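Residue strings, one per chain:
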Amino acid sequence: MKPVWGSKNAWRYGAAALLIGGWAMPAAAADLGGDCCADLEERVAELEATTARKGNRKVSLTVSGWVNESVMWWDDGHESNTYVGTNPVEQSRFRFVGEAKIDKDWSAGYTLEIGVWGANAARWNQDSPDGSLNNGNTTANTLVVRKSSWYVKSNTYGKVSVGQDATATYHLLDDADTTLTRNFYDAEGAPDYIQNFFLRTTTGAAVGNNLTWGNILRGFNNSTPGDDGRRNVVRYDSPTFAGFNVATAWGEDDIWDIALIYKNTFGDFSFNGRAGYGQSTDGASTPCHGSGSSPDNALNCEWWGVSAQIQHVPTGLYAYGGYGNQHDGSNNAAVAAKILDKDSETWFIQGGIEKKWLPLGKTNFFGEYRRDDAGSFVSINSSTGAATTVTQGANVKFWAVGAAQNIEAAETTLYLLYQHADGDVVLGSGATPDLSSFSQVVGGAKINF
């Protein structure tokens, strides 16, 4: 005969279980007061010792950045070598960003960004594997303040920033790129890897007074006409309306610029574009035709550019391109007479495919062609103010192919590219040396934190 579990028996057994539990709980609590709590207190103390602190509870603090180191093999037609150092396209850095809410619409904050150079790949040449300059100075193993600014922001009225920060046309041609190539081969990538290497003729001789590729590429910011840099400015960014927003900046002595930015999607296509214009009379910050160490105080430099990228999202196919122009003017008649070609321009087109074929993350394959028609390079004697035409003009052609693999779980992008450059230059004397071509293979990784 099967036993029957009645409500009366259930009540009795339940009461017994509660009594037993009541007796057992004090003993267990007594045990927790021993080594367990001591271990917990030790762990809390350890976490407090290793946690980034901030000065107050009202302003948030976010610490971020990345490390981007690479290996480059190069060949100038007569000499070849392999260097290791910090990638100049997206330099290693760490960033502190703080923000405090004022009310539902307004907030205030700051950005402090410090760049880190190991070996400075932007300063490599045939004689400098660590980024030393010709005068013996070096930027290897140094820190640089990239940004130091505060801002006030309104969701309704926009954002005002004050301090060292991006101008409106900073990365005007670069930031239309939304693919993995932005990490190592953006619009400034081609000259970034080559600009401080010395030119060589087909016989191996130096060109002029040891001219570099950057000397004959006349863009004042990373040898790319149409792009400005980071300056000490007041900048305004408007709210976004229907995918559009406007940025404008003014500062230093005197620089101003404006840019129109657009980002949107249309069905299966994503689109990102921008256009901008700038003007400067600051010969030190924007040395259009000479060196910032001997500036033209009557400088009148103008630049403008457009860039865009369109991608078919389902397939990953994309096209990215841009055009930049820089007009080199001077109100000093003696200097102006030496600027035989006042306009420098660049244009480029990149095509590729970026898609997540592997569980690791997106994969990118691309090819790019870039052409620069550069204006005159004029040197100014810092003591006498006399101007000399070093080059009348030049044209340089780049082509490159490469690949990148993102690893989502590690916030890492691996990359590999091959780049080839050749061109022609007309020296101030009218001579046209036969330039040797330049080849590079660059591989590395960018790891975000």
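Residues numbered from 1 in each chain as written. Predicted model: local features only at pLDDT ≥ 70, side-chain atom pairs only at ≥ 80, totals over all residues. Heavy atoms only, no water.

K.L.:
Can you help me understand the overall build of the chain in this one?
P.N.:
Summing up its helical and strand segments, the chain has 5 helices and 18 strands in all. Relative to all contacts within the chain whose residues are 6 or more apart in sequence, the contacts with residues 24 or more apart total 63%. Of the roughly 21700 Å² of accessible surface on the chain, a fraction of 59% belongs to carbon and sulfur atoms. (Helix = DSSP H or I, 4+ residues; strand = E, 2+ residues; numbered from the N terminus. Contact = heavy atoms within 4.5 Å. Areas by Shrake-Rupley, 256 points an atom, 1.4 Å probe, with all protein chains shown as cover.)

K.L.:
Before we go on, may I ask you to explain the packing of aromatic side chains in this structure?
P.N.:
Aromatic ring pairs are defined here through the distance separating the ring centres and the angle between the ring planes. Inspection of the entire model under this criterion finds 21 aromatic pairs. Measuring from ring centre to ring centre gives 4.2 Å for F244 and Y262, while their planes differ by 35°; the resulting arrangement is tilted. Within this pair, whereas F244 is found in strand β8 (residues 244-251), its partner Y262 is found in strand β9 (residues 255-266), the two being separated by 18 residues in sequence. Using a relative accessible area of 14% as the deciding quantity, one classes Y262 as buried. Aromatic ring contacts, followed pair by pair, group W74, Y83, W124, F197 and F438 into a single cluster. Above the plane of the ring of Y151 lies K159, whose end atom (NZ or CZ) is 4.5 Å from the centre. Over the aromatic face of W66 sits the side chain of K446, whose NZ or CZ is 4.1 Å from the ring centroid. (Phe/Tyr/Trp six-rings, centres within 6.5 Å; stacked < 30°, edge-to-face > 60°. Buried < 20%, exposed > 50% of the residue type's maximum accessible area, 1.4 Å probe, protein only. Lys NZ or Arg CZ within 6 Å of the ring centre and 35° of its normal.)

K.L.:
It is not clear to me how the state of the cysteines should be interpreted in this structure. Could you clarify?
P.N.:
The term disulfide refers to a covalent linkage connecting the sulfur atoms of a pair of cysteines. Taken as a whole, this structure holds 1 disulfide when the rule is applied. Here C288 connects covalently by a disulfide to C301, the sulfurs 1.7 Å from one another. Of this pair, C288 sits in the loop between β10 (269-280) and β11 (299-312) while C301 sits in strand β11, and the two are 13 residues apart along the sequence. (Disulfide = S-S within 2.5 Å.)

K.L.:
Quick question: what am I supposed to make of the side chain of D186 here?
P.N.:
Inspection of the secondary structure puts D186 in the loop between β6 (158-166) and α3 (189-192). For D186, the side chain forms a polar contact with the side chain of R182, separated by 2.8 Å. In this structure, D186 is in contact with V89, E90, D174, D177, T181 and Y320, ignoring residues within four places of it in sequence. (Polar contact = N/O pair within 3.5 Å; in protein donor to acceptor, adjacent residues only side chain to side chain.)

K.L.:
Explain the pattern of salt bridges to me, please; I cannot follow it from the model alone.
P.N.:
A side chain with one charge can pair with a side chain of the opposite charge if their charged atoms come near. On inspection of all chains with the given rule, the structure shows 15 salt bridges. In this structure, E90 and R93 form a salt bridge, with 3.9 Å as the shortest nitrogen-oxygen distance. Neither E90 nor R93 differs from the other in exposure class; each is buried. With a shortest N-O distance of 2.8 Å, R182 and D175 are connected by a salt bridge. Judged by relative accessible area, D175 falls into the partly exposed class, the value being 25%. One salt-bridge network, held together by shared partners, links E90, R93, R95, E113, R146, D175, R182 and D186. (Salt bridge = Lys/Arg side-chain N within 4 Å of Asp/Glu carboxyl O.)

K.L.:
Sorry, what's going on with the confidence of the model for the chain here?
P.N.:
For any part of a model where pLDDT is low, the fine detail of the predicted coordinates should not be relied upon. In this model, the chain carries a mean pLDDT of 90, and residues with pLDDT of at least 70 account for 89%. A low-confidence stretch, residues 1-32 (pLDDT under 50), is modelled with 4 contacts involving residues beyond four sequence positions or located in other chains. (pLDDT = per-residue confidence, 0-100.)

K.L.:
For this particular structure, what's the right way to read a nonpolar patch on the surface?
P.N.:
Taken together, the side chains of V160, V234, Y236, F244, V246, W250, W256, I258 and L260 present a nonpolar region at the surface, about 750 Å² in accessible area. Elements with a contribution of two residues or more to the nonpolar patch: β7 (230-237), β8 and β9. When you line up the elements, Y236 lands in strand β7. Relative accessible area serves as the criterion here: at 32%, Y236 is assigned to the partly exposed category. (Patch = residues over 30% accessible without salt bridge, like charges linked within 9 Å, V, L, I, M, F, W, Y side chains within 5 Å.)

K.L.:
How should the nonpolar core be read in this particular structure?
P.N.:
Soluble, globular proteins show a tendency: their nonpolar side chains are buried together. Residues F184, Y185, Y193, F197, W213 and I216 are the most contacted members of the largest nonpolar core, which totals 42 residues. Contributions of two or more residues to this core are made by β1 (60-75), α4 (213-216), β12 (317-330), β14 (361-374), β16 (387-407), β17 (412-427) and β18 (438-448). Among residues more than four places away in sequence, those in contact with F197 are M72, W74, Y83, W124, N125, Q126, T212, W213, F438 and Q440. Core analysis: the next-biggest nonpolar cluster, separate from the first, contains 6 residues, F220, I255, C288 and W303 among them. (Core = buried A, V, L, I, M, F, W, Y, C linked by side-chain atoms within 4.5 Å.)

K.L.:
Looking at this structure, how should I read the pairing of strand β3 (residues 93-101)?
P.N.:
Summarising the sheet, β1 and β3 pair through 7 bridges and their orientation is antiparallel. Residue pairing across strands places W66 opposite R93, the latter belonging to β3. The hairpin formed by β3 and strand β4 (residues 106-117) contains 4 residues between the paired strands. (Pairing = 2+ DSSP bridges.)

K.L.:
Even after reading the chapter, I still don't get the pairing of strand β5 (residues 142-154), so can you show me in this structure?
P.N.:
Both faces of the sheet carry side chains from a regular strand, because those side chains alternate between them. The sheet contact formed by β4 and β5 spans 12 bridges and is antiparallel. Residue Y110 lies in a different strand from β5, and its bridge partner there is W150. For β5 and β6, the ladder comprises 7 bridges, and the chain directions are antiparallel. Considered in β6, the bridge of V152 is made with V160. Between β5 and β6, which pair antiparallel and follow one another directly, the connecting turn spans 3 residues.

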